[in-house]
Amino acid sequence: MSSRRSSRSRQSGAARISDDQIADLVSKLQQLIPEIRNSRRRSDKVSASKVLQETCNYIRSLHREVDDLSDRLSELLDSTDSDSAQAAIIRSLLM
């Protein structure tokens with residue numbers, strides 16, 4: 001364990017996590033991130049830092065996608081009769 005993590009563990013007390021738990025969590029992230037899941041072979045090892053970097057990239061792309069879809073729904077709502085059933089459905093998606 002690095003001295004930095006060791007000193008942090010002593011300071012936080014309750015927030016201790018083992019190296020095995022970290023490895024397990026990184027492995028689970030690998031399975032969730034398409035960029036890693038689709039590009040690696042079973043025998044390939046991916047570093048924890050690469051997994052975390054790709055996770056951050058994936059979350060950013062999901063945020064952009066949500067923003068884009070929200071904008072598109074707003075534009076659609078603006079072009080729809082506000083009393084229609086379609087407008088009600090769009091409003092429910094935006095909430």
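In case you missed it, the structure is sitting above this.
Values in this document were obtained by computation on a predicted structure and should not be read as measured data.

## A short note on the overall build of the protein chain
Turning to step 1, where the next piece is worked out: If you tally the helices and strands in the protein chain, you get five helices and zero strands.
Turning to step 2, where the next piece is worked out: For the protein chain, the α and β elements follow one another from N to C terminus as α-α-α-α-α.
Turning to step 3, where the next piece is worked out: Residue burial in the protein chain is summarised as follows: out of 95 residues, 14% are buried.
Turning to step 4, where the next piece is worked out: For the protein chain, the proportion of contacts with a sequence separation of at least 24, taken over those separated by at least 6, is 13%.
Turning to step 5, where the next piece is worked out: Split by element, the accessible area of the protein chain, about 7800 Å² in all, is 51% carbon and sulfur.

## A word on helix H4 (residues 48-78)
Turning to step 1, where the next piece is worked out: Over its 31 residues, H4 extends 45 Å from the first C-alpha to the last, a length consistent with the 45 Å expected when each residue adds 1.5 Å.
Turning to step 2, where the next piece is worked out: For H4, every residue scored as buried is listed here: Val 51, Glu 54, Thr 55 and Leu 77.
Turning to step 3, where the next piece is worked out: As for H4, its buried residues are in contact with helix H2 (19-32), helix H3 (34-39) and helix H5 (85-94).

## Focus on the pattern of salt bridges
Turning to step 1, where the next piece is worked out: Considering all chains together, one arrives at three salt bridges under this definition.
Turning to step 2, where the next piece is worked out: Ionic pairing is found between Asp 24 and Lys 28, a salt bridge with its closest N-O pair at 3.3 Å. Placement of the pair is Asp 24 and Lys 28 together in helix H2, with a separation of four residues, close to one helical turn.
Turning to step 3, where the next piece is worked out: According to the relative accessible area criterion, Asp 24 is partly exposed, its value standing at 38%.

## So, the environment of Ser 82
Turning to step 1, where the next piece is worked out: Take Ser 82: it is sitting in the loop between H4 and H5.
Turning to step 2, where the next piece is worked out: The class for Ser 82 is partly exposed, based on a relative accessible area of 45%.

## Topic: the packing of H2 against H4
Turning to step 1, where the next piece is worked out: Running from amino to carboxyl end, H2 crosses H4 at an angle of 45°, the nearest separation of the two axes being 10 Å. One way to sum up the angle between H2 and H4 is to call them oblique. Crossing of H2 against H4: the hand is left-handed. Contacts between H2 and H4 involve Val 26, Leu 29, Gln 30 and Leu 32 from the former and Ala 48, Val 51, Leu 52, Thr 55 and Tyr 58 from the latter.
Turning to step 2, where the next piece is worked out: Here the contact of H2 with H4 is composed, by residue class, of seven nonpolar, two polar and no charged.

## Comments concerning a negative patch on the surface
Turning to step 1, where the next piece is worked out: Residues Asp 67, Asp 71, Glu 75 and Asp 78 make up a contiguous surface patch of negative charge.
Turning to step 2, where the next piece is worked out: For Asp 78, the location among the structural elements is in helix H4.

## Considerations on the packing of H4 against H5
Turning to step 1, where the next piece is worked out: Packing of H4 against H5 brings their axes to within 10 Å, and their N-to-C directions diverge by 155°. It follows that H4 is roughly antiparallel to H5 by the angle criterion. For the pair H4 and H5, the crossing hand works out as left-handed. Along its contact with H4, which presents Ser 70, Leu 73, Ser 74, Leu 76 and Leu 77, the element H5 presents Ala 87, Ile 90, Arg 91, Leu 93 and Leu 94.
Turning to step 2, where the next piece is worked out: Here the contact of H4 with H5 is composed, by residue class, of seven nonpolar, two polar and one charged.

Each value, and the rule that gives it
- Residues numbered from 1 in each chain as written.
- Predicted model: local features only at pLDDT ≥ 70, side-chain atom pairs only at ≥ 80, totals over all residues.
- Heavy atoms only, no water.
- Helix = DSSP H or I, 4+ residues; strand = E, 2+ residues; numbered from the N terminus.
- Buried < 20%, exposed > 50% of the residue type's maximum accessible area, 1.4 Å probe, protein only.
- Contact = heavy atoms within 4.5 Å.
- Areas by Shrake-Rupley, 256 points an atom, 1.4 Å probe, with all protein chains shown as cover.
- Expected span 1.5 Å × (residues − 1).
- Salt bridge = Lys/Arg side-chain N within 4 Å of Asp/Glu carboxyl O.
- Axes fitted to C-alpha atoms, helices over the stretch in contact; angles between N-to-C directions.
- Parallel < 35°, antiparallel > 145°, perpendicular 65-115°, else oblique.
- Left-handed = near helix turned anticlockwise from the far one by under 90°.
- Nonpolar A, V, L, I, M, F, W, Y, C, P; charged D, E, K, R; others polar.
- Patch = residues over 30% accessible without salt bridge, like charges linked within 9 Å, V, L, I, M, F, W, Y side chains within 5 Å.
- Lys, Arg positive; Asp, Glu negative; His and termini not counted.
- Charge placed at Lys NZ, Arg CZ, Asp CG, Glu CD.

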